Amino acid sequence: MQNKISTALTQIVKSSGYEIWTERVGSVTHPVVLLTSGAAAHARFWTDLFCGILNKNGYGVIRYDHRDVGLTTGPDFLDRPYTIADLAHDAAAILNCFGISQAHVVGHSMGGIVTQLFASMYPERTLSMTCICCGPAAATASTDIPLTPEEKTTLAETYSINDTNKPTENFEESLPGFMRMWKRWNGTLPLDEDLVYAFTKEMYTRSAQKNLIKPHPHMRAVRLGLDTMEERRGLLQKISVPTLVIQGEEDYLLVPRRGGIALAHELPQAKLELIPGMGHMFFNRECQEMLGRLIVDFLDMQK
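The paragraphs below set out a description of the structure included in this document. Every residue gets a number counted from 1 within its own chain, in the order that chain's sequence is written. With the structure being a predicted model, the display of local features is reserved for residues of pLDDT at least 70 and the display and counting of side-chain atom pairs for 80 or more, all residues being used for whole-chain, interface and lining totals. Only hydrogens and water are removed before side-chain values are computed, so all heavy atoms of the structure are retained for them.

Let's shift gears to the pattern of salt bridges. Salt bridges are identified by distance alone: a Lys or Arg side-chain nitrogen within 4 Å of an Asp or Glu carboxyl oxygen. Enumeration over the complete set of coordinates arrives at eleven salt bridges. Arg285 is the salt-bridge partner of Asp192, the closest N and O atoms lying 3.5 Å from each other. In this pair, Asp192 is assigned in the loop between α5 (171-185) and α6 (193-205) and Arg285 in helix α9 (residues 285-300), connecting sequence segments 93 residues apart. Across the pair Lys303 and Asp300 runs a salt bridge whose closest N-O atoms are separated by 3.4 Å. Residue burial is assigned from relative accessible area. The probe radius is 1.4 Å, only protein chains are included, and a residue is buried under 20% of its type maximum, exposed over 50%, and partly exposed in between. Residue Asp300 is classed as partly exposed on the basis of its relative accessible area, which comes to 33%. Numbering of helices and strands runs from the N terminus, with a helix taken as a DSSP run of H or I at least four residues long and a strand as a DSSP run of E at least two residues long.

This next bit is on the state of the cysteines. Working definition: a disulfide is two cysteine sulfur atoms within 2.5 Å of each other. All told, the structure shown has zero disulfides when counted by the stated rule. The thiol sulfur of Cys51 is not disulfide-bonded, and the nearest other cysteine sulfur, from Cys287, lies at 15 Å. With no disulfide of its own, Cys134 lies 4.9 Å from the sulfur of Cys131, the closest cysteine sulfur. According to the relative accessible area criterion, Cys134 is buried, its value standing at 1%.

Moving on to the environment of Ala91. Position of Ala91 relative to the elements: it lies in helix α2 (residues 84-97). Taking the C-alpha atoms as reference, Ala91 lies 31 Å from Asn165; in sequence the two are 74 residues apart. By definition, residues are in contact when any of their heavy atoms lie within 4.5 Å. Residues in contact with Ala91, not counting those within four places in the same chain, are Leu34, Tyr64 and Phe118.

Attention now goes to the packing of aromatic side chains. Working definition: a ring pair exists when centres of Phe, Tyr or Trp rings (six-membered ring for Trp) sit within 6.5 Å. Plane angles under 30 degrees give stacked, over 60 give edge-to-face, the rest tilted. With the rule as written, the count across this model stands at 16 aromatic pairs. Relative to Phe282, the ring of Trp46 has its centre 6.5 Å away and its plane inclined at 50°; by these criteria the two rings are tilted. Residue Trp46 is found in the loop between β3 (32-36) and α1 (48-56), and its partner Phe282 is found in the loop between β8 (270-275) and α9; the two are separated by 236 residues along the sequence. Considering the side-chain rings of Trp182 and Phe199, the 5.7 Å spacing of their centres and the 70° angle between planes classify their relative orientation as edge-to-face. Pair noted here: Trp182 is in helix α5 and Phe199 is in helix α6, with a separation of 17 residues, a long-range link. We classify Trp182 as buried; its relative accessible area is 5%.

Right, let's talk about the packing of helix α4 (residues 149-164) against α5 for a bit. In this analysis, axes come from line fits to C-alpha atoms, helices being fitted only over the stretch in contact, and the angle between any two N-to-C directions falls in the range 0 to 180 degrees. Relative orientation of the contacting elements α4 and α5 amounts to 160°, with a least axis distance of 8 Å. Classified by the angle between their axes, α4 and α5 sit roughly antiparallel to one another. The hand of the α4/α5 crossing is left-handed. Judged by residue contacts, Thr154, Glu157, Thr158, Ile161, Asn162 and Thr164 of α4 engage Arg180, Met181, Arg184 and Trp185 from α5. Asp, Glu, Lys and Arg are counted as charged, while Ala, Val, Leu, Ile, Met, Phe, Trp, Tyr, Cys and Pro are counted as nonpolar; the rest, among them Gly, fall into the polar class. Partitioning the contact of α4 with α5 into residue classes produces three nonpolar, four polar and three charged. By definition in this entry, angles of less than 35 degrees are roughly parallel, angles greater than 145 are roughly antiparallel, angles of 65 to 115 are roughly perpendicular, and the rest are oblique. A clockwise turn of the near helix away from the far one marks a right-handed crossing, whereas an anticlockwise turn of less than a right angle marks a left-handed crossing.

One can describe the packing of α1 onto α9 by two numbers: an axis separation of 9 Å at closest approach and a directional angle of 30°. Comparing the axis directions of α1 and α9 gives the class roughly parallel. Crossing geometry of α1 relative to α9 is assigned as right-handed. Contact with α1, carried on its side by Leu49, Phe50, Ile53 and Leu54, involves Arg285, Gln288, Glu289, Leu291, Gly292, Arg293, Ile295 and Val296 of α9 and no other residues of that element. Its residues assigned to classes, the contact of α1 with α9 shows seven nonpolar, two polar and three charged.

The next thing to look at is the pairing of strand β7 (residues 243-248). With six of six residues buried, β7 is to be regarded as a mostly interior element. Neither face of β7 is open: one carries Thr243, Val245 and Gln247, the other Leu244, Ile246 and Gly248, and all of them are buried. Strands are treated as partners if at least two bridges between them are detected by DSSP. Where strand β6 (residues 126-132) lies against β7, four bridges are found, and the strand directions are parallel. Paired with Cys131 across the bridge in β7 is Val245. Of the strand pairs in this sheet, β7 and β8 are connected by six bridges, and their pairing is parallel. Bridge pairing in β8 places Leu244 opposite Lys271.

This is the structure:
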C-alpha cells in the first residue's frame, strides 16, 4: 500500500477550454515542485510515497492530470487538436492559478518533453529542471545515432509485448496485458505489483476519458507539435537552468543513448544519473525512494 498523504488540496484549473484536475500536496510555504506525467499517464503516476519524500524534505508538490487523462475534461482532440507546446502552457496556467511565480519542474517521458518546452518558454519561472527517461525535445545529432543490433532487438521485443496489450473497457479483462507490458517497461528491477495494480486500475476508475482502446491523443500531440512548432528551433539552447537528467540503464522503451544520455549531451550544465536496473517506468518502492532522494539532493543544491 502507498503511504497516505494528509495535506492535499485539489483544484480545477481552466486552460484553453480544458478543466485540469490538479492536486497540491504539502505545505504551501515550501518551494514548489511541479510533477508532469508521461503520455496517457494520470497524476497518480507520482505516488504518495514519492511525493511524501519531497514533502518531508521541505518541498511542496503539484501533480495533475493532463488533457485527455484522468479527471481533466475538455474538447475532443479531433474537434480541437493541440500540440505538446499547449501542454507546456497548461503547466504555466496551473502555476498561475495557485499564485506561484516560480517552480522546480520535473517530467517523466513525454512529461520531460513538456518540461523542456516549459523551461525554454518560461525561463524566468523555472528554478530547475529534472527530466526522467526522456530524450531531447529538439532534433539533435545525438538522437540521429544509428541503433546497434542489440538496441534494435531490445526495441523489437518491447514493441512485440506492447502489441499484445489490447485493452478493452473491462479492467480485469485487460489487466494481464498491462501487467506484461509494465513488467517489460520496468527494466530488471522487481515489479511491485500492488503499485502497478493501483496505477492501472485508476486508469479505469479515476477517468473521465475513453482513450484506452485507441491511439492516445498525446501521441498525436507530440507528433503534431514536434513536427511543426516554432519553439523547437534552438529550444535546447534556450535552457540554462540547473538540470538533472535521470535515465534507467535498462530502459527498453527509450534506449538510453536516445533518451537521457542524448539529452545530457545536449545540455552541458546537466547532471546525468544513470540508474542500474531501472527501466522506463519505476514501479518499485526502493527505486522511487532513491529517485526522490536524488531529486531532493539536487534541489537542495539550488538553494
